[in-house]
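The primary structure of each chain is shown beneath.
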Amino acid sequence: MDQILTYTFIAGLLAATIRMSIPLIFGTLGELFNERSGVLNLGIEGIMTLGAMAAFVGTYLTGSLLVGVIAAIVCGMILSILMAFLTVTLGLSQHVSGIGVTFFGTGVSYYIYRLIVGTPKVPPIVDPFQVIRIPILSDIPLIGEAFFSQYLLVYIAFLSIPAAYWVLFKTSLGLKIRTCGENPAAADTMGVNVSGTRYLSLIIGGGLIGLGGAFLTIAQNNMFTFGTVAGRGWVCIALIVFANWKPGKVLLGALLFSLIDAFQLRLPMLGLHIPYQIFLMLPYLITIVMLVLVARKASYPAAMLKSYSREE
Amino acid sequence: MTTDQTAINLIKVDSLEARGIVKRFPGVLANDHIDFEVHAGEVHSLLGENGAGKSTLMKILYGMYQPDEGEILVNGKVVRIRSPLDAMSHGIGMVHQHFMLVPTLTVTENIALGLPSSRKVLLDLDVVARRIEELAAIYHLQINPKAPVWQLSVGEQQRVEILKVLYRGASVLILDEPTAVLTPQEVDGLFKTLHKMVAQGHALVFISHKLWEVMALSNRVTVLHTGRMVGELPIEEADERKLASMMVGRDFLMRVDHPEVEMGEVHLELKGIRALGESGLESLKGVDLRIRSGEILGLAGVSGNGQRDLAEVIAGLRPPTAGEVFMEGVDVTGWTPAKLLEHGLSYIPEARMVDGTVGDFSVSENLIMKDHTYPPYADGIFMNFKNIAKESKRLVETFDIKTPSIATPIKNLSGGNIQKLILAREISRGPRVLVAAQPTRGLDIRATEYVRRRITEQREKGVTTLLISEDLDEILSLSDRIAVIFEGEIMGVVDRDDATFENLGLMMGGRKMETEE
């Protein structure tokens, strides 16, 4: 107990929590756009993997982090267009299409990585994003370390939450997206282009998910390994139910999950005689418990999983 | 008139005309060279049975379908309407039969959807709300713009639909069976609004199959039958009989015999039934009903007032939270559906494709669904296919089910034939208690007549029948007594001879009546 209550332990835990929540925030916000427009995007895991790979390879080849970030966003968007083509244009099952996109995205990422990097004994690394210390604020004890001494992408992630809220609830586009997710027939009769709106939502979401992947390889780490994403996409799918499709609660869910995850990483250091696999299970176990408690009251977008075509 | 101009910029249309419209769907000629026109300041009604092609024609005018032949003219000029957006830009608006609203959004959000905002990308909901209030005042369409749509009554939701169209400056309004879901009092209110619109120079297309409404409202009427035009006539030359015979293609008077029947004991009794609905809120709040053998009790009411839940409670599909159900004096509360079926209950559910049948199963499989574990359909754990085929063929013949074979998946059958199949299954079981929910909804006039006749026959056999229907004509022509349900409570029970549109209408709108029983 004494070890847990030390200043360094808590400061480290908080900073790690924030860092680990970033891919989840980007991923869940991306998925939020998809689902609010009526498309469940199970391709998220593959899109995030592609984003992680593209960011690494882009930076590795050019030495520019900006190129890496742009590559991740663009690749995420492109793979989302495939998802949109399958589910919106062809009207195929969203479940099957999404799982297909995940396998495709993962496979293609590994393939391109091998093509470009080959199989060296020591995996190559890039110079990742450096911590930006915000003057004065970063000197606040505890909080300063966690919140104001972080990578650029962390600040962007936190700003993108109010931005997503603003787009979805304060703009005409947001109203169109939400209506397509609730009642596409109503949107259509009001002159809204349902297919176009869903494509756009998937593309916006794909960019955000790709960016979440980028954080893993060029900020939090400096390399791409197979299994980098490690199920974070699936966690986003669960978080969005926990968040009840509201941007503000996405933050809460992502922080909660990351706190538990960061905590379990530190448990073995305390010298407890428990197999570490038990700790690894902890965040997922708690996710399941939270979903059991929350999901029964979840209010899904009414038209999610439903394709729309006019003459039928 | 200054308020009118600030409220909306009407897209002025003097005439809308469709010429020689042809629309084919796989296997169906939905519109066969239809001509139709409507002018500013008039109501032109479109009359026809289900499947006559009314909705298809209107969806073509509104750009939701593209015609295979023919042209559309606005103010005498040929236009192409490729989408609802095109239609709206030509001043054409549609009030859909199934409301196109998003329940989780507010009235204002529903109306603002897809409109350019005065603040560019930002929503201007306060501006929209103010204009809605101005419009509402002009057209007698009182509404709270800030209310979420799920809180509104059906009548109020319809007002939102109409406001949506008016807000976009439509001068031609297509109203697709707007009275189908309203109480008689709400219909009066709607008519007042429609009269106001005509006075303001709107052109209205009124789609209906209710003759008296067409007579009361229109200047002209066009009758369609199986996709073809039967004729167009000014209302002065029309009367209900004439329109009815044009509509069904023969002289027709809807009448089902209602002979005197000896009534027996109370065979279905509900005592203080309470239950939760789909949304988890209480949808039945203490329902008491007593039905005798040989009696049909009609349960009238606007849809969504607990009818479906009540039928499910009796059929054992929904557990009541309080109260008891007695069948032939036995307390059957909490029995499983299987046990109730064995005890002589038959149930015709309102969602015939969802609860009544399995679309991918064959005619014979659907016919034996409830009794497939008993002889003659089963020998122990095996099915007796010879007996199943024999009995299926007999039922198909007796009940006049039109199907290529008994092995045809029933999703390929028409709605009327599927309903006949359900009827065949439920009646051939020899029930003692029958619950029939919306048994003729969506059927054409011939199938309707057939189903109603079959149900009245059961009455003569001493069956106890609860008939749940939103169709007042049906309730009035079949029932011995009529109960009205409103928000999960029985508003009153009247004998068939004491029932009028007026007293039923008042009860459907939530007025409790003192009735002796």
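Caption draft 1: Representation of the overall build of chain A in the model. The secondary structure content of chain A amounts to 12 helices and two strands. Along chain A, from the amino end to the carboxyl end, the secondary structure elements read α-α-α-α-β-α-β-α-α-α-α-α-α-α. Judged by the C-alpha coordinates and their principal axes, chain A covers about 65 × 45 × 40 Å. For chain A, buried positions account for 47% of its 312 residues.

Caption draft 2: Region of interest: the overall build of chain B. The number of helices and strands found in chain B is 18 helices and 22 strands. Taken against the 2.2 N^0.38 rule, which gives 24 Å for 517 residues, the C-alpha radius of gyration of chain B at 25 Å falls within 12% of a compact globule. For the C-alpha atoms alone, the extent of chain B along its principal axes is close to 75 × 50 × 45 Å. Sequence-distant contacts, at least 24 apart, represent 67% of the contacts inside chain B between residues at least 6 apart.

Caption draft 3: Fine view of unusual backbone geometry. Geometrically, the link from Pro375 of chain B to Pro376 of chain B is a cis peptide bond, its omega value of 5 degrees lying close to zero. Of note, Pro376 of chain B is situated in the loop between helix H13 (363-368) and strand E17 (378-379). For Ala230 of chain A, which is not glycine, the phi torsion reads 50 degrees and is therefore positive. Owing to 14 C-beta atoms within 10 Å, Ala230 of chain A belongs among the partly exposed residues under this scheme.

Caption draft 4: Representation of the confidence of the model for chain B. In this model, chain B carries an average pLDDT of 88, and 96% of its residues clear a pLDDT of 70 or more. In the predicted assembly, ipTM is 0.84 and pTM is 0.78.

Caption draft 5: Focus on the pairing of strand E16 (residues 345-348) of chain B. Residues and elements named next belong to chain B. Going residue by residue along E16, you find Leu345 and Tyr347 tucked away on one face and Ser346 and Ile348 tucked away on the opposite face as well. As paired elements, E16 and strand E19 (residues 433-437) share four bridges and run parallel to each other. Paired with Leu345 across the bridge in E19 is Val433.

Caption draft 6: Fine view of the nonpolar core. Within the largest apolar cluster, 148 residues are counted, with the highest numbers of intra-cluster contacts made by Leu239 of chain A together with Leu163 and Ile174 of chain B. Setting aside residues up to four positions removed in sequence, Leu239 of chain A forms contacts with Leu24, Thr28, Val250, Gly253, Ala254 and Phe257 of chain A. Leu310, Ile418, Ile422 and Ile485 of chain B belong to the second-largest nonpolar core, a separate cluster that totals 70 residues.

Caption draft 7: View of helix H1 (residues 7-36) of chain A. All names here are of chain A. The end-to-end C-alpha distance of H1 is 41 Å, a good match for the 44 Å that 30 residues give at a rise of 1.5 Å each. At Ser21, H1 shows its strongest bend, of approximately 35 degrees, with the proline Pro23 following within four residues. Looking one or two places after H1, you find Gly38, whose phi comes out positive at around 105 degrees.

Caption draft 8: Representation of the domain arrangement of chain B within the structure. Residue and element names in this part refer to chain B. Looking at chain B, the domain boundaries give domain 1 (2-248), domain 2 (256-344 + 432-517) and domain 3 (361-430). Between the C-alpha centres of domain 2 and domain 3 the distance comes to 26 Å. Across the contact, 11 residues belong to domain 2 and eight residues belong to domain 3. Element by element, the count of residues in the side of domain 2 that touches domain 3 is highest for helix H16 (residues 445-460), at five residues. A class-by-class count of the residues in the side of domain 2 that touches domain 3 yields seven nonpolar, two polar and two charged.

Caption draft 9: Molecular detail of the interface of chain A and chain B. With 19 residues of chain A in contact, the opposing surface of chain B contributes 19 residues. Those elements that provide at least two residues to the side of chain A that touches chain B are helix H7 (172-182) and helix H8 (184-189) of chain A. The leading source of residues in the side of chain A that touches chain B is H7 of chain A, at six residues. Classifying every residue of the side of chain A that touches chain B gives seven nonpolar, six polar and six charged.

Caption draft 10: Geometry of the environment of Gln130 of chain A. Residue and element names in this part refer to chain A. Here Gln130 is to be found in the loop between helix H4 (94-117) and strand E1 (132-133). Judged by local crowding, Gln130 falls into the exposed class, with 10 C-beta atoms found within 10 Å. It is 7.5 Å that separates the C-alpha atoms of Gln130 and Ala219, two residues lying 89 residues apart in sequence.

About the cut-offs
Residues numbered from 1 in each chain as written. Chains lettered and ligands numbered in written order. Predicted model: local features only at pLDDT ≥ 70, side-chain atom pairs only at ≥ 80, totals over all residues. Helix = DSSP H or I, 4+ residues; strand = E, 2+ residues; numbered from the N terminus. Buried ≥ 20, exposed ≤ 12 C-beta atoms within 10 Å, placed from the backbone. Rg over C-alpha atoms; globule rule 2.2 N^0.38 Å. Contact = placed C-beta atoms within 7 Å. pLDDT = per-residue confidence, 0-100. Pairing = 2+ DSSP bridges. Core = buried A, V, L, I, M, F, W, Y, C linked by C-beta atoms within 7 Å. Expected span 1.5 Å × (residues − 1). Bend = angle between axes of the 7 residues up to and from the residue. Domains from an automatic or database assignment. Nonpolar A, V, L, I, M, F, W, Y, C, P; charged D, E, K, R; others polar.

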